[in-house]
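Each chain, letter by letter, is given below.
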Amino acid sequence: MSAFPIVSGPILLTVTLEQGAGFAARAAEGTLLAVLAILAFSIVYAWAAQRFGMALSMLSALLAWGVAVAGLKALPLPVEACFVLVVLALLVSPRLFPPLRSGDAMPGLSAARPAGGAAASDLPWRMLAGAALVLAVSYGAAAIGARLSGFFAMFPVMSTVLVGFSHVRSGRAFAVALLRGMVYGYFAFATFCLVLSLQLRDGSVATAFAAAFACALAVQLAVKRLMAPAAPVRPAAVK
(Lines give C-alpha, C1' and ligand atoms only; values in the text may rest on other atoms or scores of the structure.)
Protein backbone atom coordinates (compact mmCIF):
# COMPACT_ATOMS: atom_id res chain seq x y z
CA MET A 1 0.00 0.00 0.00
CA SER A 2 2.80 2.45 0.86
CA ALA A 3 4.71 1.78 -2.37
CA PHE A 4 2.29 3.54 -4.70
CA PRO A 5 0.73 7.03 -4.46
CA ILE A 6 -2.86 5.96 -3.93
CA VAL A 7 -3.79 9.36 -2.48
CA SER A 8 -0.89 11.65 -3.32
CA GLY A 9 -0.86 10.57 -6.99
CA PRO A 10 -4.37 11.91 -7.72
CA ILE A 11 -3.53 15.05 -5.75
CA LEU A 12 -0.37 15.70 -7.76
CA LEU A 13 -2.19 14.98 -11.02
CA THR A 14 -4.98 17.41 -10.13
CA VAL A 15 -2.46 20.05 -9.08
CA THR A 16 -0.61 19.54 -12.38
CA LEU A 17 -3.75 20.07 -14.43
CA GLU A 18 -4.91 23.07 -12.41
CA GLN A 19 -1.65 24.85 -11.52
CA GLY A 20 0.75 23.72 -14.23
CA ALA A 21 3.69 21.35 -14.50
CA GLY A 22 6.20 23.68 -12.82
CA PHE A 23 4.00 24.07 -9.75
CA ALA A 24 3.45 20.31 -9.59
CA ALA A 25 7.17 19.59 -9.93
CA ARG A 26 7.82 21.68 -6.81
CA ALA A 27 4.88 20.01 -5.06
CA ALA A 28 6.38 16.59 -5.84
CA GLU A 29 9.60 17.75 -4.14
CA GLY A 30 7.57 18.50 -1.02
CA THR A 31 5.84 15.13 -1.22
CA LEU A 32 9.21 13.40 -1.46
CA LEU A 33 10.57 15.24 1.57
CA ALA A 34 7.34 14.50 3.44
CA VAL A 35 8.35 10.84 3.55
CA LEU A 36 10.60 11.90 6.44
CA ALA A 37 7.55 13.25 8.27
CA ILE A 38 5.72 9.96 7.64
CA LEU A 39 8.65 8.09 9.16
CA ALA A 40 8.44 10.34 12.21
CA PHE A 41 4.70 9.55 12.42
CA SER A 42 5.33 5.81 12.20
CA ILE A 43 8.18 5.63 14.71
CA VAL A 44 6.47 7.85 17.28
CA TYR A 45 3.25 5.84 16.97
CA ALA A 46 5.15 2.59 17.46
CA TRP A 47 6.84 3.83 20.63
CA ALA A 48 3.72 5.52 22.01
CA ALA A 49 1.75 2.30 21.47
CA GLN A 50 4.05 0.56 23.95
CA ARG A 51 2.43 2.58 26.74
CA PHE A 52 -0.82 4.03 25.43
CA GLY A 53 -3.90 3.00 23.53
CA MET A 54 -4.79 3.89 19.98
CA ALA A 55 -6.11 7.42 20.63
CA LEU A 56 -3.09 8.77 22.50
CA SER A 57 -0.68 6.96 20.20
CA MET A 58 -2.36 8.51 17.17
CA LEU A 59 -2.36 11.97 18.72
CA SER A 60 1.36 11.68 19.48
CA ALA A 61 2.12 10.47 15.96
CA LEU A 62 0.14 13.25 14.27
CA LEU A 63 1.88 15.80 16.47
CA ALA A 64 5.24 14.36 15.41
CA TRP A 65 4.17 14.60 11.76
CA GLY A 66 3.23 18.25 12.19
CA VAL A 67 6.50 19.12 13.93
CA ALA A 68 8.47 17.32 11.21
CA VAL A 69 6.63 19.19 8.44
CA ALA A 70 7.23 22.52 10.18
CA GLY A 71 10.95 21.79 10.27
CA LEU A 72 11.23 20.35 6.76
CA LYS A 73 9.12 22.74 4.70
CA ALA A 74 11.80 25.43 4.56
CA LEU A 75 14.70 23.02 3.99
CA PRO A 76 16.46 24.44 0.91
CA LEU A 77 17.50 21.23 -0.83
CA PRO A 78 17.23 20.25 -4.51
CA VAL A 79 15.08 17.24 -5.27
CA GLU A 80 18.10 14.98 -5.83
CA ALA A 81 19.46 15.79 -2.36
CA CYS A 82 16.00 15.23 -0.87
CA PHE A 83 15.92 11.79 -2.47
CA VAL A 84 19.32 10.84 -1.02
CA LEU A 85 18.24 12.06 2.42
CA VAL A 86 15.00 10.06 2.25
CA VAL A 87 16.76 6.88 1.14
CA LEU A 88 19.25 7.15 4.01
CA ALA A 89 16.39 7.66 6.45
CA LEU A 90 14.56 4.63 5.05
CA LEU A 91 17.64 2.48 5.53
CA VAL A 92 18.01 3.57 9.16
CA SER A 93 14.40 3.84 10.32
CA PRO A 94 13.59 0.10 10.69
CA ARG A 95 16.18 0.01 13.49
CA LEU A 96 14.41 2.86 15.28
CA PHE A 97 11.20 0.93 15.91
CA PRO A 98 10.76 -0.61 19.37
CA PRO A 99 11.77 -4.25 19.76
CA LEU A 100 9.08 -6.87 20.09
CA ARG A 101 8.16 -7.39 23.74
CA SER A 102 8.01 -10.84 25.25
CA GLY A 103 4.25 -10.77 25.73
CA ASP A 104 3.49 -9.74 22.18
CA ALA A 105 2.60 -12.15 19.43
CA MET A 106 4.47 -11.37 16.25
CA PRO A 107 2.20 -11.33 13.19
CA GLY A 108 3.45 -13.75 10.58
CA LEU A 109 3.14 -13.64 6.84
CA SER A 110 -0.55 -14.45 7.10
CA ALA A 111 -1.03 -11.27 9.11
CA ALA A 112 0.25 -8.96 6.41
CA ARG A 113 -3.18 -7.34 6.31
CA PRO A 114 -6.07 -7.02 8.75
CA ALA A 115 -8.58 -9.79 9.08
CA GLY A 116 -11.33 -9.79 6.47
CA GLY A 117 -13.89 -8.12 8.73
CA ALA A 118 -11.53 -5.34 9.74
CA ALA A 119 -10.43 -4.70 6.16
CA ALA A 120 -14.04 -4.55 4.99
CA SER A 121 -15.13 -2.22 7.77
CA ASP A 122 -12.33 0.32 7.39
CA LEU A 123 -12.34 0.42 3.57
CA PRO A 124 -15.18 3.01 3.30
CA TRP A 125 -13.36 5.22 5.84
CA ARG A 126 -10.12 4.98 3.87
CA MET A 127 -11.92 5.87 0.64
CA LEU A 128 -13.74 8.79 2.26
CA ALA A 129 -10.59 10.11 3.96
CA GLY A 130 -8.56 9.81 0.76
CA ALA A 131 -11.20 11.61 -1.32
CA ALA A 132 -11.49 14.39 1.27
CA LEU A 133 -7.71 14.93 1.25
CA VAL A 134 -7.59 15.03 -2.55
CA LEU A 135 -10.32 17.67 -2.66
CA ALA A 136 -8.88 19.73 0.21
CA VAL A 137 -5.31 19.91 -1.10
CA SER A 138 -6.38 20.43 -4.71
CA TYR A 139 -8.71 23.26 -3.71
CA GLY A 140 -6.20 24.99 -1.45
CA ALA A 141 -3.05 24.43 -3.52
CA ALA A 142 -2.86 27.95 -4.92
CA ALA A 143 -3.28 29.47 -1.47
CA ILE A 144 -0.75 27.36 0.44
CA GLY A 145 1.86 27.11 -2.31
CA ALA A 146 3.54 24.27 -4.16
CA ARG A 147 5.88 22.92 -1.49
CA LEU A 148 3.29 22.84 1.29
CA SER A 149 0.75 21.30 -1.07
CA GLY A 150 3.24 18.51 -1.62
CA PHE A 151 3.61 17.96 2.10
CA PHE A 152 -0.13 17.77 2.63
CA ALA A 153 -0.43 15.36 -0.29
CA MET A 154 1.56 13.00 1.95
CA PHE A 155 -0.61 13.53 5.04
CA PRO A 156 -0.90 10.11 6.72
CA VAL A 157 -4.62 9.79 6.14
CA MET A 158 -4.52 6.18 4.94
CA SER A 159 -2.05 5.21 7.65
CA THR A 160 -4.23 6.85 10.29
CA VAL A 161 -7.30 4.83 9.33
CA LEU A 162 -5.52 1.55 8.60
CA VAL A 163 -3.22 1.59 11.63
CA GLY A 164 -5.95 2.83 13.95
CA PHE A 165 -8.32 0.02 12.99
CA SER A 166 -5.51 -2.52 13.10
CA HIS A 167 -4.43 -1.42 16.58
CA VAL A 168 -7.95 -1.64 17.97
CA ARG A 169 -8.90 -4.93 16.30
CA SER A 170 -5.62 -6.83 16.08
CA GLY A 171 -3.50 -5.37 18.85
CA ARG A 172 -0.42 -3.22 19.34
CA ALA A 173 2.07 -5.72 17.93
CA PHE A 174 0.14 -5.98 14.67
CA ALA A 175 -0.06 -2.19 14.27
CA VAL A 176 3.67 -1.77 14.92
CA ALA A 177 4.55 -4.59 12.52
CA LEU A 178 2.32 -2.97 9.90
CA LEU A 179 4.06 0.39 10.27
CA ARG A 180 7.49 -1.21 10.12
CA GLY A 181 6.54 -3.14 6.99
CA MET A 182 5.25 -0.01 5.28
CA VAL A 183 8.72 1.54 5.50
CA TYR A 184 9.99 -0.72 2.72
CA GLY A 185 7.28 0.47 0.36
CA TYR A 186 8.47 4.05 0.66
CA PHE A 187 11.53 3.31 -1.48
CA ALA A 188 9.23 2.96 -4.47
CA PHE A 189 7.14 5.94 -3.40
CA ALA A 190 10.23 8.14 -3.10
CA THR A 191 11.30 7.02 -6.57
CA PHE A 192 7.89 8.00 -7.92
CA CYS A 193 8.22 11.51 -6.48
CA LEU A 194 11.78 11.97 -7.74
CA VAL A 195 11.03 10.87 -11.30
CA LEU A 196 7.79 12.85 -11.43
CA SER A 197 9.45 16.05 -10.24
CA LEU A 198 12.27 15.73 -12.77
CA GLN A 199 10.07 14.70 -15.69
CA LEU A 200 7.48 17.42 -15.16
CA ARG A 201 10.18 20.03 -15.78
CA ASP A 202 10.98 18.77 -19.28
CA GLY A 203 8.44 16.23 -20.51
CA SER A 204 4.70 16.02 -21.01
CA VAL A 205 2.35 15.34 -18.12
CA ALA A 206 1.38 11.89 -19.43
CA THR A 207 5.01 10.91 -19.96
CA ALA A 208 6.00 12.17 -16.52
CA PHE A 209 3.35 10.18 -14.65
CA ALA A 210 3.89 7.06 -16.76
CA ALA A 211 7.64 7.15 -16.18
CA ALA A 212 7.16 7.77 -12.45
CA PHE A 213 4.80 4.82 -12.05
CA ALA A 214 7.04 2.55 -14.13
CA CYS A 215 10.13 3.40 -12.08
CA ALA A 216 8.22 2.99 -8.81
CA LEU A 217 7.03 -0.44 -9.92
CA ALA A 218 10.55 -1.50 -10.85
CA VAL A 219 11.92 -0.37 -7.49
CA GLN A 220 9.12 -2.10 -5.59
CA LEU A 221 9.76 -5.39 -7.40
CA ALA A 222 13.48 -5.06 -6.63
CA VAL A 223 12.83 -4.36 -2.95
CA LYS A 224 10.47 -7.34 -2.68
CA ARG A 225 13.05 -9.55 -4.31
CA LEU A 226 15.78 -8.40 -1.94
CA MET A 227 13.53 -8.94 1.08
CA ALA A 228 12.29 -12.37 0.00
CA PRO A 229 13.71 -15.15 2.20
CA ALA A 230 16.25 -17.28 0.47
CA ALA A 231 14.96 -20.66 -0.68
CA PRO A 232 16.31 -23.52 1.41
CA VAL A 233 19.12 -25.43 -0.20
CA ARG A 234 18.28 -29.11 -0.52
CA PRO A 235 21.10 -31.56 -0.04
CA ALA A 236 22.15 -33.41 -3.14
CA ALA A 237 20.80 -36.91 -3.43
CA VAL A 238 23.26 -39.64 -2.58
CA LYS A 239 23.83 -41.88 -5.59
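Provided above is the structure to which this section pertains.
Residues numbered from 1 in each chain as written. Predicted model: local features only at pLDDT ≥ 70, side-chain atom pairs only at ≥ 80, totals over all residues. Heavy atoms only, no water.

Participant: So, the overall build of the protein chain: which residues are in play, and what are the values?
Facilitator: Tallying secondary structure elements over the protein chain gives 10 helices and 0 strands in all. Starting at the N terminus and walking to the C terminus, you meet the elements of the protein chain as α-α-α-α-α-α-α-α-α-α. Evaluated residue by residue, the protein chain yields a buried proportion of 45% over its 239 residues. Restricting to contacts in the protein chain with at least 6 residues of sequence separation, those with at least 24 account for 82%. (Helix = DSSP H or I, 4+ residues; strand = E, 2+ residues; numbered from the N terminus. Buried < 20%, exposed > 50% of the residue type's maximum accessible area, 1.4 Å probe, protein only. Contact = heavy atoms within 4.5 Å.)

Participant: Can you lay out helix 10 (residues 205-227) for me, pointing to particular residues and giving the numbers?
Facilitator: Over its 23 residues, helix 10 extends 33 Å from the first C-alpha to the last, a length consistent with the 33 Å expected when each residue adds 1.5 Å. Turning to helix 10, its buried residues number three or more, namely Ala 208, Phe 209, Ala 212, Ala 216, Gln 220 and Val 223. The elements touched by buried residues of helix 10 are helix 1 (8-19) and helix 9 (186-202). (Expected span 1.5 Å × (residues − 1).)

Participant: Break down the pattern of salt bridges for me, with residues and values.
Facilitator: Charged atoms that come close allow side chains of opposite charge to pair. Per the stated rule, a full pass over the model turns up 1 salt bridge. Across the pair Glu 29 and Arg 201 runs a salt bridge whose closest N-O atoms are separated by 2.6 Å. Taken together, the residues span a long stretch of sequence, with Glu 29 in helix 2 (residues 21-48) and Arg 201 in helix 9 at a distance of 172 residues. (Salt bridge = Lys/Arg side-chain N within 4 Å of Asp/Glu carboxyl O.)

Participant: So what about the nonpolar core? Which residues, and what values?
Facilitator: Counting 63 residues, the largest nonpolar core has Val 35, Tyr 45, Leu 90, Tyr 186, Phe 192 and Leu 196 as its most contacted members. At 17 residues, helix 2 tops the list of elements feeding residues into this core. Not counting residues within four places of it along the chain, the set of residues in contact with Leu 196 comprises Leu 12, Ala 28, Ala 208, Phe 209 and Ala 212. (Core = buried A, V, L, I, M, F, W, Y, C linked by side-chain atoms within 4.5 Å.)

Participant: Tell me what's going on with the packing of helix 7 (residues 157-170) against helix 8 (residues 172-183), and back it up with residues and numbers.
Facilitator: Interaxial distance between helix 7 and helix 8 falls to 6 Å at its minimum, and their mutual angle equals 150°. As far as their axial angle goes, helix 8 and helix 7 are roughly antiparallel. Every residue of helix 8 that contacts helix 7 at Ser 159, Leu 162, Val 163, Ser 166, His 167 and Ser 170 is listed here: Arg 172, Phe 174, Ala 175, Leu 178, Leu 179 and Met 182. (Axes fitted to C-alpha atoms, helices over the stretch in contact; angles between N-to-C directions. Parallel < 35°, antiparallel > 145°, perpendicular 65-115°, else oblique.)

Participant: Explain the packing of helix 3 (residues 54-72) against helix 7 to me, using residue names and the numbers behind them.
Facilitator: Look at helix 3 against helix 7: their axes get within 10 Å of each other, and the N-to-C directions meet at 155°. In terms of their interaxial angle, helix 3 and helix 7 are classed as roughly antiparallel. Relative to helix 7, helix 3 is oriented so that their crossing is right-handed. Along the contact surface, helix 3 presents Met 54, Ser 57, Met 58 and Leu 62, while helix 7 presents Thr 160, Gly 164, His 167 and Val 168. (Left-handed = near helix turned anticlockwise from the far one by under 90°.)

Participant: Which residues make up the side chain of Glu 29, and what are the values?
Facilitator: With relative accessibility at 11%, the residue Glu 29 sits in the buried group. Polar side-chain contacts of Glu 29 include one of 2.6 Å to the side chain of Arg 201. Those residues in contact with Glu 29 that lie beyond four places of it in its chain are Leu 77, Val 79, Arg 147, Ser 197 and Arg 201. (Polar contact = N/O pair within 3.5 Å; in protein donor to acceptor, adjacent residues only side chain to side chain.)

Participant: So what about the environment of Phe 23? Which residues, and what values?
Facilitator: With respect to the element layout, Phe 23 can be found in helix 2. Spatially, the C-alpha atoms of Phe 23 and Arg 147 are 8.6 Å apart, while their sequence positions differ by 124 residues.

Participant: Can you explain a nonpolar patch on the surface? Please cite residues and give values.
Facilitator: Together, Val 84, Leu 88, Leu 91, Val 92 and Leu 96 make up an exposed nonpolar region whose accessible area comes to about 440 Å². Among the structural elements, Leu 96 can be located in the loop between helix 4 (79-92) and helix 5 (116-144). (Patch = residues over 30% accessible without salt bridge, like charges linked within 9 Å, V, L, I, M, F, W, Y side chains within 5 Å. Areas by Shrake-Rupley, 256 points an atom, 1.4 Å probe, with all protein chains shown as cover.)

Participant: Hey, could you go over the environment of Ala 49 for me, with residue numbers and the actual values?
Facilitator: With respect to the secondary-structure elements, Ala 49 resides in the loop between helix 2 and helix 3. A C-alpha to C-alpha distance of 7.9 Å links Ala 49 and Val 176, two positions 127 residues apart in sequence. Setting aside residues up to four positions removed in sequence, Ala 49 forms contacts with Ser 57, His 167 and Arg 172.

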